[in-house]
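Here is what each chain is made of, one letter per residue.
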Amino acid sequence: RGCTDVPCCALFVISVILAAGLSAWGLATGDVRRLEHGVDFQGNICGVDAAVADRPLLYWCSKNRTADLASPICIASCPGSDYDTVLLCREASGPEGVAYSFTTKLSFGCYCVPDADRHPEAAHGILSGPLSSTAALLGRGFSVTRVARLSVPSSFLATLVAGYFYLVALRCCALQWLR
């Protein structure tokens, strides 16, 4: 008798080492906060960087009654009516960005998206544009990382306990069955 799973075991160990290396590289060179928060037209992370620490939400200004997808800004709260003036839009979109705002709804905890009932074209432009990219999809998934930081380790421990319980039950049942 001999061990027959040496190649599979070696492949598994190599995979674990590569995954750990890739994770370490990502943590060292990346910024997870970019997945958890919006990023404005100047590259500031909303609610995190010093320049926009008091403005945690990402908003797309209007330009000719459509969303200006190239110039999102960080704001403190989502505009609640079409007549709210968002003065920060002047810096991002120019004077025409100030005249009109969208009634918005908070989406995914950090985005002010135009109300789809009142502004279907603007909402569709954002949801099929900037919020449809892979990074935005990941951001939606990671927008709950504060909860995941607790739930992932607890799920791991629960799985570990359940696995050992299964092995013990299997051993007991298998011994009973063999007798």
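Everything discussed here concerns the structure shown above.
Overview of the structure. (Residues numbered from 1 in each chain as written. Predicted model: local features only at pLDDT ≥ 70, side-chain atom pairs only at ≥ 80, totals over all residues. Heavy atoms only, no water.)

Here we look at the overall build of the protein
Check the secondary structure of the protein and you find 6 helices and 4 strands. Written out in order from the N terminus, the α and β elements of the protein read α-α-β-β-α-β-β-α-α-α. Evaluated residue by residue, the protein yields a buried proportion of 28% over its 179 residues. Once local pairs closer than 6 in sequence are excluded, the contacts in the protein between residues at least 24 apart make up 40%. (Helix = DSSP H or I, 4+ residues; strand = E, 2+ residues; numbered from the N terminus. Buried < 20%, exposed > 50% of the residue type's maximum accessible area, 1.4 Å probe, protein only. Contact = heavy atoms within 4.5 Å.)

Some remarks on the nonpolar core
The biggest cluster of nonpolar side chains holds 20 residues, and the ones touching the most others in it are Tyr59, Trp60, Ala67, Ile73, Ile75, Tyr111 and Leu131. Counting residues per element, the ones that place at least two in this core are β1 (57-63), β2 (66-75), β4 (111-114) and α4 (120-127). Top element by residues in this core is β1. It accounts for 5 residues. (Core = buried A, V, L, I, M, F, W, Y, C linked by side-chain atoms within 4.5 Å.)

Observations concerning the state of the cysteines
Going through the model one piece at a time under the given rule, you end up with 2 disulfides. Each sulfur of the disulfide joining Cys46 and Cys74 lies 2.0 Å from the other. As the torsion about the S-S bond is roughly -80 degrees, the Cys46-Cys74 disulfide counts as left-handed. Remark: Cys74 occurs in strand β2 and Cys46 occurs in the loop between α2 (33-36) and β1; sequence separation between them is 28 residues. With relative accessibility at 0%, the residue Cys46 sits in the buried group. (Disulfide = S-S within 2.5 Å.)

Focus: helix α1 (residues 6-29)
Here α1 contains 24 residues, and its C-alpha end-to-end distance of 34 Å stays within 8% of the 34 Å for a straight helix at 1.5 Å per residue. Little of α1 is tucked away, with 0 of its 24 residues classed as buried. (Expected span 1.5 Å × (residues − 1).)

Quick notes on α4
Among the residues making up α4, those that are buried are Ala122, Ala123 and Ile126. Looking down the long axis of α4, one finds its buried residues gathered within 95 degrees of arc, a one-sided arrangement. Within α4, the exposed residues directed more than 90 degrees away from the buried face are Glu121 and His124. Residues of α4 that are buried in the fold lie against β1, β2 and β4. (Arc of directions from axis to C-beta.)

Points about the sheet that holds strand β3 (residues 104-107)
Sheet architecture is open: 4 strands sit in the order β2-β1-β4-β3, paired in mixed fashion. Pairing within the sheet leaves two strands with one partner each, and these edge strands are β2 and β3. Put simply, the sheet's adjacent strands are angled 35 degrees from each other on average, direction ignored. As defined by bridge partners, β1 adjoins β4 across 2 bridges and the pair is classed as parallel. The partner of Leu58 across the bridge, within β4, is Tyr111. (Pairing = 2+ DSSP bridges. Axes fitted to C-alpha atoms, helices over the stretch in contact; angles between N-to-C directions.)

Some details on the pattern of salt bridges
In this structure the tally under the stated criterion is 1 salt bridge. The salt bridge partner of Asp115 is Lys105, with a shortest N-O separation of 3.6 Å. With Asp115 in the loop between β4 and α4 and Lys105 in strand β3, this residue pair connects regions lying 10 residues apart in the sequence. Here Lys105 falls in the partly exposed class, since its relative accessible area comes to 47%. (Salt bridge = Lys/Arg side-chain N within 4 Å of Asp/Glu carboxyl O.)

Some words on the pairing of β1
The buried count for β1 comes to 6 of 7 residues, which makes it a mostly enclosed element. Both β1 and β2 contribute to a ladder of 6 bridges, which runs antiparallel. Across the sheet, residue Ser62 finds its bridge partner in β2, namely Ala67.

Some thoughts on the side chain of Asn44
Here Asn44 is to be found in the loop between α2 and β1. Judged by relative accessible area, which is 16%, Asn44 ranks as buried. A polar contact is formed between the side chain of Asn44 and the side chain of Gln42, at a distance of 3.4 Å. Those residues in contact with Asn44, other than ones at most four positions away along the chain, are Gly38, Val39, Asp49, Ala51, Val52 and Cys74. (Polar contact = N/O pair within 3.5 Å; in protein donor to acceptor, adjacent residues only side chain to side chain.)

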